[in-house]
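Examining the three-dimensional arrangement
Listed below are the residues making up each chain.
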Amino acid sequence: MKQVMLVTGAAGGIGAAVCDRMEQAGWHVVAADLIAPERPGADSSSVALDVTDSSAWESVVAQAMSAHGRIDALANVAGVVSRGGLEEVSDKEWERVIAVNQTGTFYGIRAVAGPMREAGRGSIVNISSTAGMTGYVGSIPYVASKWAVRGMTKAAALEFGDQGVRVNSVHPGSIDTSMTRRLGPRQPINRYGRPEEIAELVHFLASDASSFCTGSEFVADGGSLAGIYR
């Protein structure tokens, strides 16, 4: 029986690349986004999911369990970014970024925890950012949310570790997606990362190849956090 991964933010960018990579590895992918994404292959199914809606999470997980009898991995990829100085950030924008990036990730972890714990195995991969490792000017809501993802990852790993469920975070740098493309690469590997490179890391963390990894940060940033680069 195929292993099953639920992927949010699957309509494009890193999420779509994760779906592609997991299908290549022989997994069945449940691809989720606000509008159910079109997936070309037979090794995937698509669902509409608003990650800020806890009842929608419960429904999607119940559907996946009914259809496949298992959820072996979750990739929390869905995310939004904001720009602007502290005094420019509206209440509405703060709430939007926190709702998608932080609360949506929490809802995802909570929704799959039961089936995974019952199965005695599972892997949750939370997409954070280098903004979850350091601060950035003009991105306080985004930075706050991505640090929260990092912290939730560690707390969940401690809670579920003895029940066979692993939880790790991935911290991409400047990746060639519509969300980050305008930032520009400024690091030792002086190019944008490719979504496929992050997907490879997610595949590793979902698979048994990473069976001794939990509660950890996996950075793929071209060396941007290594130090000051001129």
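Higher on the page you've got the structure.
Conventions used here
- Residues numbered from 1 in each chain as written.
- Predicted model: local features only at pLDDT ≥ 70, side-chain atom pairs only at ≥ 80, totals over all residues.
- Heavy atoms only, no water.
- Helix = DSSP H or I, 4+ residues; strand = E, 2+ residues; numbered from the N terminus.
- Buried < 20%, exposed > 50% of the residue type's maximum accessible area, 1.4 Å probe, protein only.
- Lys, Arg positive; Asp, Glu negative; His and termini not counted.
- Charge placed at Lys NZ, Arg CZ, Asp CG, Glu CD.
- Expected span 1.5 Å × (residues − 1).
- Contact = heavy atoms within 4.5 Å.
- Axes fitted to C-alpha atoms, helices over the stretch in contact; angles between N-to-C directions.
- Parallel < 35°, antiparallel > 145°, perpendicular 65-115°, else oblique.
- Left-handed = near helix turned anticlockwise from the far one by under 90°.
- Nonpolar A, V, L, I, M, F, W, Y, C, P; charged D, E, K, R; others polar.
- Phe/Tyr/Trp six-rings, centres within 6.5 Å; stacked < 30°, edge-to-face > 60°.
- Lys NZ or Arg CZ within 6 Å of the ring centre and 35° of its normal.
- Pairing = 2+ DSSP bridges.
- Core = buried A, V, L, I, M, F, W, Y, C linked by side-chain atoms within 4.5 Å.
- Patch = residues over 30% accessible without salt bridge, like charges linked within 9 Å, V, L, I, M, F, W, Y side chains within 5 Å.
- Areas by Shrake-Rupley, 256 points an atom, 1.4 Å probe, with all protein chains shown as cover.
- Salt bridge = Lys/Arg side-chain N within 4 Å of Asp/Glu carboxyl O.

As for the overall build of the protein chain
Counting secondary structure elements, the protein chain contains five helices and seven strands. Ordered by position from the N terminus, the helices and strands of the protein chain form the series β-α-β-β-α-β-α-β-α-β-α-β. Each principal axis of the C-alpha distribution contributes one length, and for the protein chain these read about 50 × 40 × 35 Å. Burial analysis of the protein chain (230 residues in total) assigns 49% to the buried set. Averaging the coordinates of the 20 positive side-chain charges in the protein chain and doing the same for the 24 negative ones gives two points 5 Å apart.

Remarks on helix H1 (residues 13-24)
In this model H1 runs 17 Å from its N-terminal to its C-terminal C-alpha over twelve residues, within 8% of the 16 Å that 1.5 Å per residue would give. Within H1, the full set of buried residues consists of Ile 14, Gly 15, Ala 16, Ala 17, Val 18, Cys 19, Arg 21, Met 22 and Glu 23. Along its buried surface, H1 packs onto strand E1 (4-7), strand E2 (28-33), strand E3 (44-48), strand E4 (73-76), strand E6 (165-172) and helix H5 (195-206). The positive-phi residue at the C-terminal boundary of H1 is Gly 26, with phi of around 95 degrees.

Some words on the packing of helix H3 (residues 91-119) against helix H4 (residues 140-160)
Their axes nearest at 8 Å, the elements H3 and H4 cross at an angle of 15 degrees. The orientation of H3 relative to H4 falls into the category roughly parallel. As for the relative orientation of H3 and H4, their crossing is right-handed in sense. For the pair H3 and H4, contact is made by Trp 94, Val 97, Ile 98, Asn 101, Gln 102, Thr 105, Phe 106, Ile 109, Ala 113 and Arg 117 and by Ile 140, Pro 141, Tyr 142, Ala 144, Ser 145, Lys 146, Ala 148, Val 149, Met 152, Ala 156 and Phe 160, respectively. Split into classes, the residues belonging to the contact of H3 with H4 amount to 15 nonpolar, four polar and two charged.

Focus: the packing of aromatic side chains
What the rule picks out here adds up to two aromatic pairs. Here Phe 106 and Tyr 107 contribute two aromatic rings whose centre-to-centre distance is 5.9 Å and whose plane-to-plane angle is 50 degrees, an arrangement assigned as tilted. In this structure Tyr 107 comes out as buried when scored by relative accessible area, which is 18%. With 6.4 Å between their ring centres and 65 degrees between their planes, Phe 204 and Phe 218 make a pair best called edge-to-face. In this pair, Phe 204 is assigned in helix H5 and Phe 218 in strand E7 (residues 217-220), connecting sequence segments 14 residues apart. With a relative accessible area of 30%, Phe 204 lands in the partly exposed category. Classification of Phe 218 by relative accessible area gives buried; the value is 18%. Above the ring of Trp 147, the side-chain terminus of Arg 150 is found at 5.0 Å from the ring centroid.

Let's talk about the sheet that holds E2
In space, the seven strands of this open sheet follow the order E3-E2-E1-E4-E5-E6-E7, with parallel pairing throughout. Looking at the sheet topology across the chains shown, the edges are occupied by E3 and E7. Averaged over neighbouring strand pairs, the angle between their axes works out to 20 degrees when direction is ignored. Inspection of the sheet shows strand E5 (residues 122-127) paired to E6 by six bridges, in the parallel sense. Its bridge partner lying in E6, Ile 127 is registered against Val 170. In the packing of H1 onto the sheet, contacts are made with E1, E2, E3, E4 and E6, and the angle to E1 comes to roughly 170 degrees. Relative to E4, H3 is tilted by about 180 degrees, and along the sheet it contacts E4, E5 and E6.

What to know about the side chain of Ser 139
You can see Ser 139 is positioned in the loop between E5 and H4. Judged by its relative accessible area of 5%, Ser 139 is buried.

Focus: the nonpolar core
Among the nonpolar cores identified, the biggest contains 30 residues, and Leu 6, Trp 57 and Ile 124 are the most heavily contacted of them. Broken down by secondary-structure element, the contributors of at least two residues to this core are E1, E2, helix H2 (54-68), H3, H4 and E6. Examining the composition of this core, we find that eight residues originate from one element, H3, more than from any other. If you look at the next biggest cluster of nonpolar residues, it comprises 25 residues, including Val 7, Met 22, Ala 31 and Leu 205.

Side note on a nonpolar patch on the surface
Taken together, the side chains of Leu 86, Trp 94 and Ile 140 present a nonpolar region at the surface, about 300 Å² in accessible area. Tracing the chain through its elements places Trp 94 in helix H3. What makes Trp 94 partly exposed here is its relative accessible area of 36%.

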